[in-house]
Amino acid sequence: MNTRIRLKLIAATILVCALPSLPAMAQTAAKPKVALVMKSLANEFFLTMENGAKEHQKAHAAQYDLIANGIKDETDTSNQIKIVEQMIVSKVNGLVIAPADSKALVPVIKKAIDAGIIVVNIDNKLDDAALKEKGITVPFVGPDNRLGAKLVGDYLAKQIKSGDKVAIIEGVSTTFNAQQRTLGFQDAMKTAGANVVAVQSGQWEMDPGNKVAAAILNAHPDVKALLAGNDNMALGAVAAVKAAGKTGKVLVVGYDNINAIKPMLKDGRVLATADQFASQQAVFGIETVLKAITDKKAQSTLGGTVETKVALVTKDSK
């Protein structure tokens, strides 16, 4: 009996001594945790982005875990800041962010970097001056929005004449991608000799885009085209053109190539859009984060731009 008791005590002692090492072993073997923080999930573009990221994680489940979040609408900047703060508390290893505002997100991104999180920027580029002011560098992975918008604008230019009046429905005006798309549209319209009579923000959303389009059509009844900074606003513009009884008389273009726009491309209600391959944008960002983590790169060594593709889409595109 004494021998048995001694053996049990020895076994118990070995087990107790082993326990403290278990969390450390688990921590060493843990996969990196990557957070994807997007803009409005009410926008089909970002749902497509999220689905692409989830499919990538499923195919690489042994390599990393994914936490995907979005905000209720394109202007819900304060909530996006809160989500990033939550990810800091959750101690994620990497953050891939499509910022709702190019400047307002920079302070919380610095906070994430200071917490040791690798940060990569997608979709909407963070403001270079704001990053410099905070002393941080964040690589941007995404398309050339100005080029994409110019492709769409150049296609539209073939359908209008020099001197024709056109208007631009811009995204959130403080965002870099909205500004770049407006510049791309303006580049194309200048080359075509078109007269840009208005540039107004539709906040990236369908309803505000509809209201802006209706106001432009009312103020400029002879306008020949509406250039929308994304397809959500283009959907609103199409509805406004129909309500004004000008279907076929006022051309509409968009940007994003969401599924909802495709029937309108086929029947001519929308002339063209740009595909920036939403399902792959987050994946490119995630892969950039994972490589930095694997290579043990410091955020300060990351920077610059990884340009991804953008393509013109019309009814004749395959």
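Residues numbered from 1 in each chain as written. Predicted model: local features only at pLDDT ≥ 70, side-chain atom pairs only at ≥ 80, totals over all residues. Heavy atoms only, no water.

> Could you clarify how one ought to interpret the packing of helix α4 (residues 77-89) against helix α5 (residues 106-114) in this entry?
Geometrically, a packed helix pair is captured by the angle between its two axes and the distance between the axes. Axis separation between α4 and α5 bottoms out at 10 Å; the angle between their running directions is 5°. When the axes of α4 and α5 are compared, the pair comes out roughly parallel. For the pair α4 and α5, the contacting residues are I81, V84, E85 and I88 in the first and V108, K111 and A112 in the second. Residue composition of the contact of α4 with α5, by class: 5 nonpolar, no polar and 2 charged. (Axes fitted to C-alpha atoms, helices over the stretch in contact; angles between N-to-C directions. Helix = DSSP H or I, 4+ residues; strand = E, 2+ residues; numbered from the N terminus. Parallel < 35°, antiparallel > 145°, perpendicular 65-115°, else oblique. Contact = heavy atoms within 4.5 Å. Nonpolar A, V, L, I, M, F, W, Y, C, P; charged D, E, K, R; others polar.)

> I would appreciate a short explanation of the packing of aromatic side chains in the present structure.
Between two aromatic rings, the relevant description is the distance of the centres plus the angle of the planes. Across all of its chains, the model carries 1 aromatic pair by this definition. One cation-aromatic arrangement involves R181 over Y255; the distance from NZ or CZ to the ring centre is 3.9 Å. Above the plane of the ring of F277 lies K309, whose end atom (NZ or CZ) is 4.4 Å from the centre. (Phe/Tyr/Trp six-rings, centres within 6.5 Å; stacked < 30°, edge-to-face > 60°. Lys NZ or Arg CZ within 6 Å of the ring centre and 35° of its normal.)

> Help me out: how do you make sense of the sheet that holds strand β11 (residues 305-307) in this one?
In a beta sheet, neighbouring strands are held together by backbone hydrogen bonds and run either parallel or antiparallel to one another. The 6 strands are arranged β2-β1-β3-β4-β5-β11 in an open sheet whose pairing can be described as parallel. Each edge of the open sheet carries a strand with a single partner, namely β2 (65-71) and β11. Direction aside, neighbouring strands of the sheet carry axes that sit 20° apart on average. As defined by bridge partners, strand β4 (residues 118-122) adjoins strand β5 (residues 140-142) across 2 bridges and the pair is classed as parallel. Each bridged residue has a counterpart across the sheet, and for N121 the counterpart in β5 is F140. (Pairing = 2+ DSSP bridges.)

> Can you help me understand the confidence of the model for the protein chain in this one?
Low pLDDT means the predicted coordinates in that region are not meant to be read closely. Averaged over every residue, the pLDDT of the protein chain is 91; residues scoring 70 or more account for 91%. Between residues 1-29, whose pLDDT stays under 50, and residues either more than four places distant or in other chains, the model counts 0 contacts. (pLDDT = per-residue confidence, 0-100.)

> Help me out: how do you make sense of a nonpolar patch on the surface in this one?
Taken together, the side chains of L147, L151 and L312 present a nonpolar region at the surface, about 200 Å² in accessible area. Here L151 is to be found in helix α7 (residues 145-157). (Patch = residues over 30% accessible without salt bridge, like charges linked within 9 Å, V, L, I, M, F, W, Y side chains within 5 Å. Areas by Shrake-Rupley, 256 points an atom, 1.4 Å probe, with all protein chains shown as cover. Salt bridge = Lys/Arg side-chain N within 4 Å of Asp/Glu carboxyl O.)

> For this particular structure, what's the right way to read the pairing of strand β3 (residues 94-97)?
In regular strands, side chains alternate between the two faces of the sheet. What you see with β3 is no split at all: G94 and V96 on one side and L95 and I97 on the other are buried throughout. By the bridge criterion, 4 bridges tie β3 to β4 in an arrangement that is parallel. Among the inter-strand pairings, V96 is bridged to a residue of β4, identified as V120. Following the chain from β3 across α5 to the adjacent parallel β4, one finds a crossover that is right-handed. (Buried < 20%, exposed > 50% of the residue type's maximum accessible area, 1.4 Å probe, protein only. Right-handed = clockwise from strand over helix to strand, strands pointing away.)

> Help me understand unusual backbone geometry, please; the structure alone is not making it clear to me.
Of all residues except glycine, most have a negative phi; of all peptide bonds, most are trans. Even without a glycine there, the phi angle at N257 is positive, about 60°. Here N257 shows up in the loop between β9 (251-253) and α11 (262-267). Located in the positive-phi region is F277, a residue other than glycine, with phi close to 55°. Take F277: its relative accessible area is 25%, and that puts it in the partly exposed class.

> What's the story with the nonpolar core in this structure? I'm lost.
In globular proteins that are soluble, nonpolar side chains generally tend to be buried together. Membership of the largest hydrophobic core comes to 49 residues, with the highest contact counts inside it found for I122, L226 and I261. Considering every element that reaches this core, the biggest residue donor is helix α10 (residues 231-243), with 7 residues. Each residue touching I122, except ones within four places of it in the same chain, is listed here: L36, M49, V96, I97, A98, P99, F140, V141, Q281, A282 and G285. I71, I83, V92 and L105 belong to the second-largest nonpolar core, a separate cluster that totals 24 residues. (Core = buried A, V, L, I, M, F, W, Y, C linked by side-chain atoms within 4.5 Å.)

> Please explain empty space enclosed by the protein as it appears in this structure.
Here the idea is plain: a probe the size of a water molecule rolls over the atoms and shows the empty space left. If you walk through the whole model with that rule in mind, you get 1 cavity of 30 Å³ or more. As a volume, the largest cavity reaches approximately 60 Å³. Around the largest cavity, the lining residues are K39, N43, F45, F46, E74, D123, N177, R181, W204, N230, D256 and Q276. Broken down by secondary-structure element, the contributors of at least two residues to the lining of the largest cavity are α3 (44-59) and α8 (176-192). When grouped by side-chain class, the residues that make up the lining of the largest cavity number 3 nonpolar, 4 polar and 5 charged. (1 Å grid on protein atoms, 1.4 Å probe; cavity = no way out; pocket = protein on both sides within 12 Å on 5 of 7 lines; lining within 4 Å. Points joined across faces, edges and corners; volume = space filled by probe spheres on them.)

> I tried to follow α3 on my own but got confused; where do I start?
Helical geometry: 3.6 residues make up each α-helical turn, so side chains three or four residues apart lie on a common side. The terminal C-alpha atoms of α3, which comprises 16 residues, lie 23 Å apart, in line with the 22 Å expected from a rise of 1.5 Å per residue. Inspection of α3 places F45, F46, M49, E50, G52, A53, H56 and Q57 among the buried residues, and these make up the whole buried set. Buried positions in α3, seen along its axis, are confined to an arc of 160° and lie on one side of it. Those residues of α3 that are exposed and aimed more than 90 degrees away from the buried face are E55, K58 and A59. Where α3 is buried, its residues contact β1 (33-40), β2, β4 and α12 (278-294). Measuring from the side-chain oxygen of the N-cap residue of α3 to the backbone nitrogen of F45 gives 2.9 Å; that N-cap residue is N43. (Expected span 1.5 Å × (residues − 1). Arc of directions from axis to C-beta. Polar contact = N/O pair within 3.5 Å; in protein donor to acceptor, adjacent residues only side chain to side chain.)

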